[in-house]
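Notes for the structure review
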Amino acid sequence: MPRSNRPRGPRAGGGDDEEYDISRALFGSLRTESRRDGLWNVQSISAASASKNYTCPGCGLDIAPGTAHLVAWRADGLMGQAEDLAARRHWHLHCWKIK
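Rules and cut-offs
Residues numbered from 1 in each chain as written. Predicted model: local features only at pLDDT ≥ 70, side-chain atom pairs only at ≥ 80, totals over all residues. Heavy atoms only, no water. Helix = DSSP H or I, 4+ residues; strand = E, 2+ residues; numbered from the N terminus. Buried < 20%, exposed > 50% of the residue type's maximum accessible area, 1.4 Å probe, protein only. Areas by Shrake-Rupley, 256 points an atom, 1.4 Å probe, with all protein chains shown as cover. Pairing = 2+ DSSP bridges. Axes fitted to C-alpha atoms, helices over the stretch in contact; angles between N-to-C directions. Core = buried A, V, L, I, M, F, W, Y, C linked by side-chain atoms within 4.5 Å. Contact = heavy atoms within 4.5 Å.

Another point: the overall build of the chain. Looking only at helices and strands, one finds three helices and six strands in the chain. For the chain, the N- to C-terminal ordering of α and β elements is α-β-β-β-β-β-α-β-α. Per-residue burial over the chain gives 22% buried out of 99 residues. Counting every atom, the chain has about 7500 Å² of accessible surface; 53% of that belongs to carbon and sulfur.

So, in structure tokens, the structure goes:
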């Protein structure tokens, strides 16, 4: 008897998988990091998703389109989440590590 190529198991029904999110696959997962100056939300941006020029606040140099980098914003800001999100900045990976 030939084998069946039909998937089996919990994902076989093709139902909604809450853990899988296409934006997380494209833009990286959101994490919180503790630094000397407080808590920061940090999200990685892949080279394929980087489509604009940004200026890194760590070194003042441009982050060219197609360059993997990260976005960081305060997680413990006093002015509220919307204000913190509006103040997010794009960093080179190295500049963020040495911050």
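After presenting the structure, the write-up continues.
Before going further, it helps to examine the sheet that holds strand E5 (residues 69–74). Strand order in the open sheet formed by four strands is E1-E2-E5-E6, with antiparallel pairing between adjacent strands. Whereas interior strands pair on both sides, the edge strands pair on one side only; in this sheet they are strand E1 (30–35) and strand E6 (89–91). Adjacent strand axes in the sheet meet at a mean angle of 35°, parallel and antiparallel pairs treated alike. With three bridges joining them, E5 and E6 adopt antiparallel strand pairing.

Trp40, Val42, Cys56, Ile63, Leu70, Ala72, Trp91, Cys95 and Trp96 form the largest nonpolar core, which has nine residues in total. Secondary-structure elements contributing two or more residues to this core are strand E2 (38–45), E5 and helix H3 (93–98). Beyond its immediate sequence surroundings of up to four residues, Trp40 is in contact with Arg31, Thr32, Glu33, Arg35, Ala72, Trp73, Arg74, Ala75, Trp96 and Lys99.

Before going further, it helps to spend a moment on the pairing of E2. Pairing of E1 with E2, which is carried by six bridges, proceeds in the antiparallel orientation. By the bridge assignment, Leu30 is partnered in E2 with Gln43. Once E1 ends, the chain turns through two residues before running back antiparallel as E2. Pairing geometry for E2 and E5, over six bridges, is antiparallel. By the bridge assignment for E5, Trp40 is matched with Arg74.

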